[in-house]
Amino acid sequence: GAVVSQHPSWVICKSGTSVKIECRSLDFQATTMFWYRQFPKQSLMLMATSNEGSKATYEQGVEKDKFLINHASLTLSTLTVTSAHPEDSSFYICSARVQGGRELFFGEGSRLTVL
Amino acid sequence: SQQGEEDPQALSIQEGENATMNCSYKTSINNLQWYRQNSGRGLVHLILIRSNEREKHSGRLRVTLDTSKKSSSLLITASRAADTASYFCATDAASGSRLTFGEGTQLTVNP
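Residues numbered from 1 in each chain as written. Chains lettered and ligands numbered in written order. Predicted model: local features only at pLDDT ≥ 70, side-chain atom pairs only at ≥ 80, totals over all residues. Heavy atoms only, no water.

S.K.: Would you take a moment to explain the interface of chain A and chain B for this structure?
M.R.: Size of an interface, as often reported, equals the accessible area lost when the parts are brought together. Contact with chain A, which involves 18 residues of that partner, is made by 22 residues of chain B. Around 1,500 Å² of area is buried between chain A and chain B when both sides are counted, 48% of it from carbon and sulfur atoms. On the chain A side of the interface with chain B, the three residues burying the most area are Ser-43, Arg-102 and Glu-108 of chain A, jointly 35% of the side's total. In this structure, the connection of chain A to chain B is made through 4 salt bridges. The partner of Asp-92 of chain B in a salt bridge is Arg-102 of chain A, with the nearest N and O atoms 2.6 Å apart. For the pair chain A and chain B, the interface holds 8 residue pairs in polar contact (both at pLDDT 80 or more). Broken down by element, the residue count for the side of chain A that touches chain B peaks at 3 residues, all from strand E4 (residues 32–38) of chain A. Its residues assigned to classes, the side of chain A that touches chain B shows 8 nonpolar, 4 polar and 6 charged. (Contact = heavy atoms within 4.5 Å. Buried area = accessible area lost by both parts, 1.4 Å probe. Salt bridge = Lys/Arg side-chain N within 4 Å of Asp/Glu carboxyl O. Polar contact = N/O pair within 3.5 Å; in protein donor to acceptor, adjacent residues only side chain to side chain. Helix = DSSP H or I, 4+ residues; strand = E, 2+ residues; numbered from the N terminus. Nonpolar A, V, L, I, M, F, W, Y, C, P; charged D, E, K, R; others polar.)

So, in structure tokens, the structure goes:
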């Protein structure tokens with residue numbers, strides 16, 4: 001199956017700093033990638049849909065200026081958590097589809113801890 | 001409420017037993033998918049069943065879909081300790097749309 005790589009797998013940062021998470025499709029091109037947030041023992045919450053070469057589409061209630069998404073190439077999308085606060089601590093997961101496919105391929109997730 | 005509600009929320013069984021998880025949804029779908037997530041990891045696609053299909057098999061997995069009841073079930077036969085994970089259903093409402101995930105079932109298979 002297709003491979004999606006996510007980096008870093010975990011990060012600890014101080015409150016007020018910004019953190020960038022990368023999501024790469026390794027063996028396929030992804031015009032669309034999806035970013036999710038997951039709290040412990042809960043389901044995935046879609047944050048935004050990342051579109052290559054255009055602005056991301058954010059879900060209701062997700063702050064665009066807080067969670068900056070850039071999809072500059074067909075294999076890379078980045079999520080930047082700006083001015084992070086402890087409440088931003090969570091597990092962030094990206095996913096992508098092979099063109100024409102229906103299943104999602106997920107990265108391994110990034111655990112963010114804001115002190 | 002959220003599309004894709006699953007029950008039970010948690011299931012604990014002994015190795016060798018079968019595990020059944022159920023998923024209900026509210027809107028029309030193009031297909032329904034099941035994913036597995038090991039603790040602290042990403043999700044892995046298990047199986048996809050289209051809206052015009054009623055049952056599908058893949059190894060020890062058996063998925064059923066009842067569009068009249070808007071429900072699906074995932075059966076894992078002859079479970080193993082390595083099957084311990086969270087299992088999520090996800091509905092695909094239309095071509096090109098995003099998936100909507102259920103709340104998940106935490107399965108524990110005791111050796």
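S.K.: What is the right way to read the side chain of Asp-83 of chain B from this model?
M.R.: Residue and element names in this part refer to chain B. On the secondary structure map, Asp-83 appears in the loop between strand E8 (71–76) and strand E9 (85–92). Classification of Asp-83 by relative accessible area gives buried; the value is 7%. What Asp-83 contacts, discounting residues up to four positions off in sequence, is Arg-36, Arg-60, Ile-76, Leu-107 and Val-109. (Buried < 20%, exposed > 50% of the residue type's maximum accessible area, 1.4 Å probe, protein only.)

S.K.: Looking at this model, I keep getting lost on the layout of surface pockets. Mind explaining?
M.R.: A volume near 510 Å³ is recorded for the largest pocket. Lining the largest pocket are 20 residues, and of these Pro-40, Lys-41 and Gln-42 of chain A together with Ser-86 and Gln-106 of chain B lie nearest its centre. If you tally residues by element for the lining of the largest pocket, the top one is E9 of chain B, at 3 residues. Residues that form the lining of the largest pocket fall into these classes: 5 nonpolar, 12 polar and 3 charged. (1 Å grid on protein atoms, 1.4 Å probe; cavity = no way out; pocket = protein on both sides within 12 Å on 5 of 7 lines; lining within 4 Å. Points joined across faces, edges and corners; volume = space filled by probe spheres on them.)

S.K.: Sorry if this is basic, but what is going on with the pairing of E8 of chain B here?
M.R.: Look at any regular strand and the pattern is simple: side chains alternate between the two faces of the sheet. All names here are of chain B. The buried fraction of E8 amounts to 5 of the 6 residues, a majority that puts the element mostly inside the structure. As paired elements, strand E3 (residues 19–24) and E8 share 6 bridges and run antiparallel to each other. Note on E8: the bridge partner recorded for Met-21 is Leu-74. Hairpin geometry of strand E7 (residues 61–66) and E8 is characterised by an intervening segment of 4 residues between the two adjacent antiparallel strands and by a positive phi of about 50° at Lys-70. (Pairing = 2+ DSSP bridges.)

S.K.: Help me understand the sheet that holds strand E3 (residues 19–25) of chain A in this model?
M.R.: The pairing of strands in a sheet happens through backbone hydrogen bonds and is either parallel or antiparallel. All names here are of chain A. Ordered by their spatial adjacency, 4 strands build an open sheet running E1-E3-E8-E7, and the pairing between neighbours is antiparallel. Sheet topology places strand E1 (4–7) and strand E7 (67–73) at the edges, where each strand pairs with a single neighbour. Strand-to-strand twist of the sheet, defined as the mean angle between neighbouring strand axes without regard to direction, takes the value 15°. Sheet topology places E3 next to strand E8 (residues 76–81); 6 bridges connect them, and they run antiparallel. (Axes fitted to C-alpha atoms, helices over the stretch in contact; angles between N-to-C directions.)

S.K.: Explanation requested: the packing of aromatic side chains in the structure shown.
M.R.: Each pair of aromatic rings is reported with the distance of its centres and the angle of its planes. Following the criterion strictly, the structure yields 7 aromatic pairs over all chains and no others. Ring geometry for Phe-67 of chain A versus Tyr-92 of chain A: centroids 6.3 Å apart, planes at 45°, classification tilted. Remark: Tyr-92 of chain A occurs in strand E9 (residues 90–96) and Phe-67 of chain A occurs in strand E7; sequence separation between them is 25 residues. Of the two residues, Phe-67 of chain A and Tyr-92 of chain A, neither departs from the other in class, the shared state being buried. An aromatic cluster is defined as three or more aromatic residues linked by ring pairs; in this entry it consists of Tyr-36 and Phe-106 of chain A together with Tyr-35 and Phe-101 of chain B. (Phe/Tyr/Trp six-rings, centres within 6.5 Å; stacked < 30°, edge-to-face > 60°.)

Fair warning: the whole summary comes from geometry, so function is off the table for now.
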